[in-house]
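Here is what each chain is made of, one letter per residue.
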Amino acid sequence: MFSYYLNLALRSLKRNPVLTALMVLAIGLGIGASMTMITVLHVMSGDPIPGRSAQLFYPHLDPLPSNYGNNPHAPDASADFTWVDAMALLQAHRAEHQAAMSGGALLVRPSQMDLQPFYADGRYTTPDFFSMFGMPFMSGRAWSQQEEDAKARVVVLSNDLAQKLCGGKTCIGQEVRFGDNDFRVIGITDNWNPQPQFYSDDTGDLFSDPDQFFLPLSTAVDLKLGVSGNQSSWCKNSSTDDERTSGCMTWLQVWVQLKNQEQVSAYRQFLVNYSAQQKALGRFQRPATNAKLYSLMGWLAHQNLVPTDIKLQLWLAVGFLFVCMVNIVALLLAKFLRRSSEISVRRAMGAGQRDIFIQFSIESAIIGLAGGALGLGIAELGLWSVRQRPDDYARLAQMDVSMLLSTLVLALFASVLAGMLPAWRACRVPPASLLKTQ
């Protein structure tokens, strides 16, 4: 029976190719525009580390003075940690895994004469960083807690940087020079680039290239290596060297791994108790209840990851799709009602309202599938135009398999939904009155 309805639908569409083309174009334009922005939103708000994100949390303390200025355009100073607070949380060992970190850019001085010095972005962190985030290693290992405490001059390189510095040879055990200091390579990481880079402190740099090197945090502090990202200080009469390890400069990020809700509740209470203790000591001035514990996805939402203009463009695209659907409803209604005589004859020959409804629904579905195919092409063109933008996230605007399937499903759903009213109206046509006029 389905093949019969399909044949009727195809014959009907061929009888008026101009009207059919207009409907396919309308649904294609609406689907293409909306799926372009939905894909961009999907890229920007997707889970950066599936399988682990549910166990990763970002603690939040508020060490700022009560009179600290609140500039709405300035970075949130309380989003980061002071050295004192970050080390206190790590030494408390209240989580399965925990790591403090900060970004940095260092001048790499290759030993090869044919390579010029260049800057590389990396991360200063503590040993649990690798196991907590599940970073894969091609060879070697991460540094131990003993090496962290000893401020060892060791480094873990990304595979890209290792290939650049060592070519086809192994870098393990070799010395590489960053700035004026030599570091011994102990590990090479495999490709690992979660998008967005949720652990970064710079919200404007969450879609950048992956880190090229990893150094022990204690070593970076001991050598006074440069730090990138937000740094906020309220120290008075203190040198820059003292500020970094003081309790009045925020510049570190802390992430913890908690495996169940019981651990989450206990850690959240620990943060409140710690804040109350620091307030009693006179370090914290703001309420202890300001302490919070964000899930990974909750932290990204708190950071307002998706720009306002992207959200606005999404709503405009969805609105355009709605306008296209309204036009398709009008075109299908006119098309179906113009075939009232045909419907009356079929009804007189025994076809029921259900049969007429199914026939026209299949016709709408065919229009939707054709429009979806056209919409895929338009969406790909739209994503290509997004990739030409200078924004960091633009290069990630690629349609994956889930978005491809979503495009076809949305087109099919939109067209069938748009065809329901015309199909219902057509199957309700009284056949007797029309047959009398034939």
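Look above for the structure.
Along each chain, the written sequence defines residue order, and numbers are assigned to residues from 1. Where totals are concerned, whole chains, interfaces and linings use all residues; where local detail is concerned, this predicted model gives features only for residues with pLDDT of at least 70, and gives and counts side-chain atom pairs only at 80 or more. Excluded from the side-chain calculations are hydrogens and water; all other atoms, namely the structure's heavy atoms, are used.

A. Focus on the overall build of the protein chain. Along the backbone of the protein chain there are 15 helices and 12 strands. In the protein chain, which comprises 438 residues, the share counted as buried stands at 49%. Whether two residues are in contact is decided by their heavy atoms: any pair within 4.5 Å suffices. For the protein chain, long-range pairs separated by at least 24 residues make up 75% of all intrachain contacts whose partners lie at least 6 apart in sequence. We get accessible surface area from the Shrake-Rupley algorithm with a probe of 1.4 Å; when it comes to residues, only the shown protein chains can shield them. Only carbon and sulfur atoms are counted for the fraction: they give 57% of the accessible area of the protein chain, which is about 21100 Å². Numbering goes from the N terminus for both helices and strands, where a helix is a DSSP run of H or I of at least four residues and a strand is a run of E of at least two. When accessible area is computed with a 1.4 Å probe and restricted to protein chains, residues below 20% of their type maximum are described as buried, those above 50% as exposed, and intermediate ones as partly exposed.

B. Expanded view of a nonpolar patch on the surface. Distance thresholds for patches are 9 Å for like charges and 5 Å for nonpolar side chains (Val, Leu, Ile, Met, Phe, Trp, Tyr), applied to residues having over 30% relative accessible area and no salt bridge. Salt bridges are defined by distance alone: a side-chain nitrogen of Lys or Arg within 4 Å of a carboxyl oxygen of Asp or Glu. Where nonpolar side chains cluster on the molecular surface, the patch consists of Leu25, Leu29, Phe320 and Leu374 and spans about 300 Å² of accessible area. By secondary structure assignment, the location of phenylalanine 320 is in helix H11 (residues 308–337). By relative accessible area, phenylalanine 320 is classed as partly exposed at 37%.

C. Representation of the nonpolar core within the structure. Here, nonpolar core refers to any group of buried Ala, Val, Leu, Ile, Met, Phe, Trp, Tyr and Cys residues whose side-chain atoms link them within 4.5 Å. Phe129, Phe133, Leu157, Phe178, Phe213 and Trp255 are the most contacted members of the largest nonpolar core, which totals 116 residues. The greatest single-element share of this core, amounting to 11 residues, is contributed by helix H2 (residues 17–45).

D. Main features of helix H9 (residues 261–280). Here the expected length of a helix is defined as 1.5 Å per residue gap, with one fewer gap than residues. Look at H9: 29 Å from first C-alpha to last across 20 residues, which is about the 28 Å you get at 1.5 Å a residue. If you check which residues of H9 are buried, you get Val264, Tyr267, Phe270, Leu271, Tyr274, Ser275 and Gln278. Considered in projection along H9, the buried side chains sweep an arc of 130° and stay on one side of the axis. Summarising the geometry of H9, the exposed residues directed more than 90 degrees from the buried face are Gln261, Glu262 and Ala280. Regarding the arc, it is the one traced by the directions from the helix axis to the C-beta atoms.

E. Seen up close, the pattern of salt bridges. One pass over the structure, following the stated rule, counts seven salt bridges. Between arginine 177 and aspartate 182 there is a salt bridge, with the nearest N and O atoms lying 2.9 Å from each other. Since its relative accessible area comes to 30%, arginine 177 is described here as partly exposed. Owing to a relative accessible area of 36%, aspartate 182 belongs among the partly exposed residues under this scheme.

F. Looking closely at the side chain of serine 53. When you line up the elements, serine 53 lands in the loop between H2 and strand E1 (56–60). Setting aside residues no more than four positions away along its own chain, serine 53 makes contact with Asp47 and Leu296.

G. Up close: the packing of aromatic side chains. Between rings of Phe, Tyr and Trp, where Trp is taken as its six-membered ring, a pair exists when centres lie within 6.5 Å; planes separated by under 30 degrees are stacked, by over 60 edge-to-face, and by other angles tilted. This model, assessed by the stated rule, comprises 23 aromatic pairs. For the ring pair phenylalanine 130 and tryptophan 143, a centre distance of 5.2 Å and an interplane angle of 85° mean the geometry is edge-to-face. Of this pair, phenylalanine 130 sits in helix H4 (residues 128–133) while tryptophan 143 sits in the loop between strand E5 (137–140) and helix H5 (145–149); the two residues are 13 residues apart in sequence, bridging distant segments of the chain. The same class applies to phenylalanine 130 and to tryptophan 143, which are both buried. Our definition puts a charge over a ring when NZ of Lys or CZ of Arg is within 6 Å of the ring centre and also within 35 degrees of the ring normal. Sitting over the ring of tryptophan 251, arginine 244 keeps its end group 5.4 Å from the ring centre.

H. How the structure looks around the environment of aspartate 160. Looking at the element boundaries, aspartate 160 is found in helix H6 (residues 159–166). We classify aspartate 160 as partly exposed; its relative accessible area is 47%.

I. Representation of helix H3 (residues 83–92) within the structure. Residues of H3 that are buried include every one of Trp83, Asp85, Ala86, Met87, Leu89 and Leu90, and no others. The secondary structure elements touched by the buried residues of H3 are E1, strand E2 (81–82), strand E3 (97–109), helix H7 (217–222), strand E11 (249–257) and H9. Of the residues one or two after H3, histidine 93 is the one with positive phi, at around 55°.

J. The packing of H3 against H9, seen in detail. Two elements in contact, H3 and H9, have axes separated by 12 Å at closest approach and are oriented at 135°. When the axis of H3 is compared with that of H9, the two are oblique. Crossing hand, H3 versus H9: right-handed. Between H3, through Val84, Asp85, Ala88, Leu89 and Ala92, and H9, the contact on the second element is made entirely by Tyr267, Phe270, Leu271 and Tyr274. Here the axes come from fitting lines to C-alpha atoms, over the contacting stretch only for helices, and the angles between their N-to-C directions go from 0 to 180 degrees. For this classification, under 35 degrees means roughly parallel, over 145 means roughly antiparallel, 65 to 115 means roughly perpendicular, and everything else is oblique. Left-handed describes a crossing whose near helix is turned anticlockwise from the far helix through less than a right angle; right-handed describes the clockwise counterpart.

K. Structural view of the pairing of strand E8 (residues 181–189). Most of E8 is tucked away: seven of the nine residues are buried. Bridging between E5 and E8 involves three bridges; their strand directions are antiparallel. By the bridge assignment, serine 139 is partnered in E8 with isoleucine 188. Strand pairing is assigned whenever DSSP detects at least two bridges linking the two strands. Of the strand pairs in this sheet, strand E6 (residues 154–158) and E8 are connected by five bridges, and their pairing is parallel. Directly across from leucine 157, in E8, lies its bridge partner isoleucine 188. Across four bridges, the pairing between strand E7 (residues 175–178) and E8 is antiparallel. Across the sheet, residue glutamate 175 finds its bridge partner in E8, namely arginine 184. A loop of two residues connects E7 with E8, the two strands running antiparallel in sequence, and glycine 179 in this loop sits at a positive phi of about 65°.

L. Up close: unusual backbone geometry. With omega at 0°, the peptide bond leading from glutamine 195 into proline 196 counts as cis. For proline 196, the position within the fold is in the loop between E8 and strand E9 (213–216). Within the chain, lysine 151 stands out as a residue other than glycine whose phi angle is a positive 55°. Tracing the backbone through its elements, the reader meets lysine 151 in the loop between H5 and E6. Positive phi values are uncommon outside glycine, yet lysine 224 reaches one of about 55°. Within the secondary structure layout, lysine 224 lies in the loop between H7 and strand E10 (232–233).

These results come straight from atomic positions and should not be treated as a statement about function.
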